[in-house]
Each structure stands twice: as structure tokens, then as C-alpha cells.
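Structural overview for review
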Amino acid sequence: MAMRTLHGHTCAAPSAAKYLASSLTTPRLPSAFHRTTSLGKQQAMSGGGHEAKTRMLGVSMCSFFGSLQGFKVCVKNTKVQIVGLKTSASAKREVQGTGKGSLKGSEVRVRFAPSPTGNLHVGGARTALFNYLFAKSLGGKFILRIEDTDLERSTRDSEEAVICDLQWLGLEWDEGPDRKGEYGPYRQSERTHIYRQYVDKLVESGHVYRCFCTDEELEAMREEAKLKALPPRYMGKWGSASQAEIDVELEKGTPYTFRFRVPQEGSVTIQDLIRGEVSWSKDTLGDFVVLRSNGQPVYNFCVAVDDATMHISHVIRAEEHLPNTLRQALIYNALGFPMPQFGHVSLILAPDRSKLSKRHGATSVGQFREMGFLAPAMVNYLALLGWNDGTEDEIFTVDQIIQKFSIDRVTKSGAIFDQTKLQWMNGQHLRSLPTEELASMLGNQWVKAGILSEYQEAFVNEATELLKNGLELVADSEEGLLNILGYPLHLTLASNQVKEIVDDNITEVVSSIVAAYDSGELQAVIDGDHDAWQKWIKGIGKTFKRKGKRLFMPVRIALTGRMQGPEMGAILRLLREGETSGIITEKGSLVPLSERIKVLREVDWTAVSSALENSRDIEPVTVLSH
């Protein structure tokens, strides 16, 4: 292992570890600025597992450290105090407490380390995004590491799904399982030999010892702690056992774990990029397992070794991982590693302010992709869950977010996941796409849905122009197109909303439309441009002294069968294009202009008016004359 500098002296890692083994304390701020993190109910004796299993109750979420080097070591009252934390020159890092600091290029190395045990949750995606933005905004490196120590639940299929989702979001990594790098392998399952080397170093330095406790003995300790209303912690004898006692168990072949010896005096204080100062008292944590009896290293040990040996400069992760920091900090110090700087991001909450889960609907990136959300919109929305650029702006490209991103603008309060807002934002991004790209997306969607038999450019382009302003998702375009192609006049005339329009002598407008069709005037207007359509509509208004709603509503109802929708002239031109091209399938249910006029001829308007008068809440009525 590399040599580390300690107070101006060079020493091997084990020596540095011994030197740092006692209480680590940094100068305390006034009480108003100091918050102590309670460890709550932690699995202190079981050996832990994944960080998610070590979440604790009563955690006051706060902060983390910068790298160690150039510190001053003072001995006072049998305690070692380490002050003046700053960057390790050997690691080529300059850690700043807030914002972008003065970090440059390759000095910044961050990682996203998913466990391949399921789909990529939006919370994990947001964590990956913040790491990516932080690195790219500073010209640094973004590393993907697969944390597959949970051998029973980890699968390659899940790993591939996570990688696929990250690639879809555009979060390309510089080093990872599929990218060459200096600090691989990038799967924890392939790094077991590395972990064992560092366990051996800790055994040699006295920081780790063999524990021969049985499951029954550990359970008895848990029950005793529970009866005393104390957090569970290891209280076994093996931390102080003699070599003779150890040799007896080794000769018998008794299974054993390796436990880390936790100093019981002093505290660990860290400076978090997002949360400020956080402090733990060491006596709240019992000796914890770093290597299981089956030879499998425990998660927290793997994380500390990986981050150190991969030269990670900043660890940006979810706040639920903050409790693990104490164990990881102790491991860093025992091995003489410089520490990265930490930032713990708030959780993503559901609208009811509970933790976002499957019961709230879609929660994985893959689900949102399948629902038709755009990757740039997803990135834009996730970036705003806990970060802002200090303005009222909400719509950004990825490049704009990279330019604006600063870690000191990440908030520590929980962010609410609002799918309605996400859909609105997706609509904004849809409409910002080049017309050709949006038309291609919508046209392919219509063919896939069976509304069109083939992709016909003229029809697709016209339909796209009509529908784009009302879209939030590509899938919405299916219903939008069907609404244009259909003619639900009988349903509209059964609604009490049309009563005022019907009673305002709608028949004179309908008769004028039918007469214009019979003369060929209406078809000629449709074949013309927008100005021709507007001129014809104004002519009807002039004839019957109508304008505004009194003019446009009866015309819309008569020609489209609806009370609202896109511009009427454009709808009629699209219907003509669809009819002549022959690409509308049976599912598309196209009602051509000729059929609409036929229906208008058969409507008994007196019956419609009478039905609306007699009841404001009736079933659809027969409004045809036969």
C-alpha cells in the first residue's frame, strides 16, 4: 500500500493506522451549530450487510469530511486530537467545503455504486445524476461501480437493466465494468482478494480481531440490549481474548468472523457538503464485522476500501446512507487512507410526504421510459428535485444544467415527486424538439398503435402540427388523433353544455354549412389555405350577424362533433389527407366530411332542444330524424 504522510513524517499504513486508532476529534463549533447523530437501532452485531440495512431511527441528518493530510496531532488527556483537516497532496485533491471550490479536472472523481438487486429507482437515478453533474461541471471523472456483495439477490440481468437505464438517461461513465480504468475491477464481487489484503493489514495493526461467537450468543446480546432499552451492540469477549483462547477455537475449527475494534472514547465529526457538521460519539457503536465467516466481506468495509483505492474525491449519496459514515470513517482512519468529502442528498418523497414507493405508482426509470417520457425531460425533472439555479427557470437542457450546477445549491429538505409536474415538463421538452424528430416519434407511435397502416409523411406532419401543443406524452397523441378522426356529434348534443348554443338558432349555421358543401364551396375552402378558411368563416358571421363564440362554437360542433379542439380548417384538411391517402385503419375510425354532412342533414334539432330542456342529466338521446 502507498505510504502516507502523518504530521510531517512518512510511515506505512499499519503504523499510521495505529497512530490514528484512538479518539478522532475535531474542534467543536458552538452548540447552536453542532448536531449529534444518534445511531438509533443499528445492526451492530450482525455484521450489517448493504447500507440500506443499516438505516437507523432518530438520525439527525447532517454532514461529512474533507481528506486528511497536513493535520496537527495533539495528545491531551490521553486522547488524540486531529485538527486542521485538509487535502492529501499525494491524492492530488483540493477539497472545498461548498460549491465548486477550486477543484480542477482530474482532481474530481465521483462514483455511482448501485446494487444490482432490482430496477433503478428514481432516487438512485437522481443520486447518479448529481454525481454526474458535479463531475462534469468540474471537468472530473464519473465512475460506475457495481456493489454486488449481496450474492443471493444480485443478478447480471438487474445489472444490465441498471446500465441500460443510465445510458438512456445519458449518464455516460468514464470508468466502470465495461470501461477501462486504472482502478478496476469495478464489480465488488471481483475485488474479494483486495478486501482480504486490507483485512490482513487491520489484523496486523490490531484494529481487527477474530470473533468466534455463535448466532445464539449474538442473539442473547441483542435481547439483553433490548431489555435495557439500548441499541444493540457487540459485548462479547473476543475483543480481549488471549492468544491461547483463540488458538483453542482455531484448533477445533470453530467458524469465526473478523470484527473491527471500535474505540469507545471520543467522537467522529464530519463536514457534509450539503448538511453541514455531523458528529457521532464512538461509544454508541459496538465492534462490527468486516469479514463474515464464509469469507465474504461486509458492505461498509468494501465501500471504504473501494472509495479509497479508486481515489474517489467526493461521495455524493442519499441521506439514508449517512449512518454508515461512522463505520467507514473508522476504517479509513485505521488504514491510513485520506478521506473523500461527503454530501448526503435528501430523500425523494411521495405527495403525502412518505418515502416514495411502488404503492405510489411508477418509481423506476424503466417504467417512465416505457410510459413514453423523454430522457432529457427526466433528467431535467430529477435535477430540480433538490437543486435549483437560483432563478425561476425550470426548463433546461442537460448541457445547461452542467454549466449551472453547484453542489452548494442542493437543498437538504426532502423533495416531493410530482408526476403531474413531470408530465408537464415532458410536454415542454416534446414541443422543443425539431419538428421532424417529433413528427417521426408521433408517426411511429400511430403506426405501432394500429391507427395508421403506414407512415405517410404529409399526413403525419400535418397531424403533428395540430396536436403538439396539447401533448405531454407521446402516447397522448393516440387519443388526440382519434379525437380528430372521429365525429361524436350524438354524444356532444346529449350534453347540457350545448343547450345555449343549440337554442341560439344553430340550425341557420348548420344549413349554411350543408349548402356550402352541396355547392362545392366548402371543399374549395378546405383545399385553400388558412386565409381562405378565415374568410369563409367571417362570411358566415356577416350573413347571420354572429361573431366570437356565437359564430365559432356552432361551426365547430357541426364540423368536428366537439366543443373544443385544434383549428377547424386544419382538422378538415387533415381529414381530407387521411381519406385520400387511404392510410387510416379501421381502428382509426375516420369519419370523412361527406359522412359528417350526411349526419347533419338527419339531425332533428327540435328534438335535441326539447331533450335538453326536459333534462339536464339524461342518457344520450336519439337526435336523428329517423
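In the nomenclature of an unreviewed UniProt entry, the protein chain is known as glutamate--tRNA ligase of Sphagnum jensenii. We quote the UniProt Sequence similarities (unreviewed entry) comment for the protein chain here in full: "Belongs to the class-I aminoacyl-tRNA synthetase family. Glutamate--tRNA ligase type 1 subfamily."

Turning to the pairing of strand S12 (residues 314-318), a few remarks are in order. Within S12, five of the five residues are buried, which leaves it mostly tucked inside the rest of the structure. Two elements, S12 and strand S13 (residues 341-345), share five bridges in a ladder whose sense is parallel. Bridged to alanine 318 within S13 is valine 345. After leaving S12, the chain enters helix H8 (residues 325-335) and then returns to the sheet as S13, a path that is right-handed.

With that out of the way, let us pick up the pattern of salt bridges. Summed over all chains, the structure comprises 32 salt bridges. The shortest N-O distance in the salt bridge between arginine 546 and aspartate 504 comes to 3.4 Å. Of this pair, arginine 546 sits in the loop between helix H20 (530-544) and helix H21 (549-560) while aspartate 504 is found in the loop between helix H17 (499-503) and helix H18 (506-519), placing the two residues 42 residues apart along the sequence. Overall, aspartate 504 belongs to the partly exposed group, its relative accessible area being 23%. Measuring nitrogen to oxygen at the nearest pair gives 3.8 Å for the salt bridge that ties glutamate 567 to arginine 573. Looking at arginine 573, the relative accessible area reads 16%, which means it is buried. Here the residues in one salt-bridge network are Arg111, Arg145, Glu147, Arg191, Asp306 and Asp307, joined through shared partners.

Note that arginine 210 resides in strand S7 (residues 208-211). Placed 83 residues apart in sequence, arginine 210 and serine 293 show a C-alpha to C-alpha distance of 9.7 Å. When residues no more than four places from it in sequence are discounted, the contact partners of arginine 210 are Trp238, Ile246, Leu250, Tyr256, Thr257 and Phe258.

For the pair H21 and helix H22 (residues 568-581), interaxial distance at closest approach is 11 Å and the crossing angle is 15 degrees. By the criterion of interaxial angle, the relationship of H21 to H22 is roughly parallel. When the axes of H21 and H22 are compared, the crossing they make is left-handed. Each of Phe552, Val555, Arg556, Leu559 and Thr560 in H21 lies in contact with H22, whose residues at this interface are Met568, Ile571 and Leu572. Of the residues assigned to the contact of H21 with H22, the class counts are six nonpolar, one polar and one charged.

Our focus in this paragraph is unusual backbone geometry. The general pattern is negative phi for most residues beyond glycine and trans for most peptide bonds. Look at the link from glycine 184 to proline 185: it is a cis peptide, with omega at 0 degrees. Along the chain, proline 185 turns up in the loop between helix H3 (156-169) and helix H4 (192-205). Look at lysine 545: it is not a glycine, yet its phi comes out positive at around 55 degrees. In this fold, lysine 545 is placed in the loop between H20 and H21. For serine 589, which is not glycine, the phi dihedral falls at a positive 50 degrees. Within the secondary structure, serine 589 sits in the loop between H22 and helix H23 (593-602). Relative accessible area serves as the criterion here: at 44%, serine 589 is assigned to the partly exposed category.

On average, residues of the protein chain score 82 in pLDDT, and 80% of them are at 70 or above. Averaged pLDDT values for the elements of the protein chain fall to 31 in strand S4 (residues 79-83) and rise to 98 in strand S5 (residues 109-112). In this model residues 1-102 is a low-confidence stretch, pLDDT under 50, and it forms 274 contacts with partners more than four residues away in sequence or in other chains.

Moving on, we come to helix H13 (residues 435-449). Here H13 contains 15 residues, and its C-alpha end-to-end distance of 21 Å stays within 8% of the 21 Å for a straight helix at 1.5 Å per residue. Those residues of H13 that sit buried are Leu438, Ala439, Leu442, Gly443, Gln445, Trp446 and Ala449. Take H13 and look down its axis: the buried residues cluster within an arc of 160 degrees, on one side only. Away from its buried face by more than 90 degrees, H13 exposes Glu436 and Lys448. Those residues of H13 that are buried lie in contact with helix H12 (419-432), helix H14 (457-467) and helix H15 (476-485). Just downstream of H13 lies glycine 450, where phi reads positive at about 85 degrees.

Under the criterion given, the structure shown has 14 aromatic pairs. Their ring planes at 45 degrees and their centres at 5.7 Å tell us that phenylalanine 130 and phenylalanine 405 sit as a pair that is tilted. In this pair, phenylalanine 130 sits in helix H2 (residues 122-137) while phenylalanine 405 sits in the loop between helix H11 (398-404) and strand S15 (415-416), placing the two residues 275 residues apart along the sequence. Here phenylalanine 130 and phenylalanine 405 have matching classes, each one buried. Judged by centre distance (5.4 Å) and plane angle (90 degrees), the ring pair of tyrosine 381 and phenylalanine 417 falls under edge-to-face. Linking tyrosine 381 in helix H10 (residues 375-383) with phenylalanine 417 in the loop between S15 and H12, this pair joins segments that are 36 residues apart in sequence. Here the two residues tyrosine 381 and phenylalanine 417 agree in accessibility, since each one is buried. Counting every residue linked through ring pairs, the aromatic cluster contains Phe130, Trp387, Phe396 and Phe405. Here the guanidinium or amino end of lysine 237 rests over the ring plane of tryptophan 238, the centre of that ring lying 4.8 Å away. Positioned above the aromatic ring of tryptophan 168, the side-chain terminus of arginine 369 is 5.9 Å from the ring centre.

Criteria and thresholds
- Residues numbered from 1 in each chain as written.
- Predicted model: local features only at pLDDT ≥ 70, side-chain atom pairs only at ≥ 80, totals over all residues.
- Heavy atoms only, no water.
- UniProt positions renumbered as here; feature names shortened; annotations may be inferred.
- Buried < 20%, exposed > 50% of the residue type's maximum accessible area, 1.4 Å probe, protein only.
- Helix = DSSP H or I, 4+ residues; strand = E, 2+ residues; numbered from the N terminus.
- Pairing = 2+ DSSP bridges.
- Right-handed = clockwise from strand over helix to strand, strands pointing away.
- Salt bridge = Lys/Arg side-chain N within 4 Å of Asp/Glu carboxyl O.
- Contact = heavy atoms within 4.5 Å.
- Axes fitted to C-alpha atoms, helices over the stretch in contact; angles between N-to-C directions.
- Parallel < 35°, antiparallel > 145°, perpendicular 65-115°, else oblique.
- Left-handed = near helix turned anticlockwise from the far one by under 90°.
- Nonpolar A, V, L, I, M, F, W, Y, C, P; charged D, E, K, R; others polar.
- pLDDT = per-residue confidence, 0-100.
- Expected span 1.5 Å × (residues − 1).
- Arc of directions from axis to C-beta.
- Phe/Tyr/Trp six-rings, centres within 6.5 Å; stacked < 30°, edge-to-face > 60°.
- Lys NZ or Arg CZ within 6 Å of the ring centre and 35° of its normal.

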